[in-house]
Every structure is written in structure tokens, then in C-alpha cells.
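# Close look at the chain arrangement
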Amino acid sequence: MELLAEVVSKDKDAPVIVLFGGSPIRRHDVIKIVSCIGDVTIYGTLSEAEGINKLRTLSKIDIVLIGGAYNNEQRKRIRAYVAHNLPNVKITEPGVHYPYSDYNIQENIKTMTK
């Protein structure tokens, strides 16, 4: 089985999510969980640097999801980058904003994309 790194919607108006992940297997799992909510585009990254680079290159971003593998300093830098450069982008942090679970991640993203 090939691990997912992204799911890209054919609908250019679909919500765009950038996932800051830490593990290829968990990235795959979260992409599957999130893509089940409906028509979304999700790009999974595996490091802070890769994620920030992805944020710099995309023309549309609606949500940044910071995964559980990130420490407080990394989270602060990612939040600061988003606040300074992408002020209309929402941030969600499973394990920080709400209890970490697949169900809670899916429900939170559903709420944020409505």
C-alpha cells in the first residue's frame, strides 16, 4: 500500500488544509480521516520546514492542522508564521485545542469547513 501524502480535490473552491505531521504512517491516517468528511484538499507535510514551505507556495489555504508530534516552540513558530503571513487561515491543534483522537480531528475539521 502506498502512503498518502495529499488528496487534491477537483473543485478549486474546496477547502484547502495543510497538515503539519511527523510520521508518514500517521500523515496517511489523518489524510484519510479528513478526506472522509467530503470534498477537501489536504497536503500533508512531515516537518516544520516542509510545512512552512508548503504554506509559502500555495495560493489558497483555509486551515492549518498542527499534529501531535510538534513541540511548543515549533507550534509557536508555525502559529506566528500563519498569524503574520496568512491572517485569515484557521489553525487547529489536536491535543491542544481539543482531546487528541481521530474522531475529534474529523469533527473539528467538519466544523471548520462549514
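Keep in mind that this is a model prediction, so the values were computed, not measured.

## As for the nonpolar core
If you look at the biggest cluster of nonpolar residues, it comprises 16 residues, and the most contacted ones within it are Phe20, Leu55, Ile61, Val64, Ile78, Val82 and Leu86. Looking at this core, the elements with two or more residues in it are β2 (16-20), α2 (48-57), β4 (63-66) and α3 (72-85). When residues no more than four places from it in sequence are discounted, the contact partners of Leu86 are Leu55, Ile61 and Tyr81. Residues Ile17, Leu19, Val34 and Ile42 belong to the second largest nonpolar core, which totals 13 residues.

## Quick word on the environment of Ile42
Structurally, Ile42 can be placed in strand β3 (residues 41-45). In this structure, the C-alpha to C-alpha distance between Ile42 and Ile61, residues 19 residues apart in sequence, is 9.6 Å. Excluding residues within four positions of it along the chain, Ile42 makes contact with Ala5, Glu6, Val7, Ile17, Leu19, Ile31 and Val34.

## Topic: the sheet that holds β2
Judged by pairing direction, the sheet is mixed, and its five strands sit side by side in the order β1-β3-β2-β4-β5 without closing on themselves. Here the strands that pair on one side only, and so sit at the sheet edges, are β1 (6-7) and β5 (90-92). Of the pairings in the sheet, the one linking β2 to β4 comprises four bridges and is parallel in character. Bridging from a neighbouring strand, Phe20 pairs with Ile66 of β4.

Rules used in this analysis
Residues numbered from 1 in each chain as written. Predicted model: local features only at pLDDT ≥ 70, side-chain atom pairs only at ≥ 80, totals over all residues. Heavy atoms only, no water. Core = buried A, V, L, I, M, F, W, Y, C linked by side-chain atoms within 4.5 Å. Buried < 20%, exposed > 50% of the residue type's maximum accessible area, 1.4 Å probe, protein only. Helix = DSSP H or I, 4+ residues; strand = E, 2+ residues; numbered from the N terminus. Contact = heavy atoms within 4.5 Å. Pairing = 2+ DSSP bridges.

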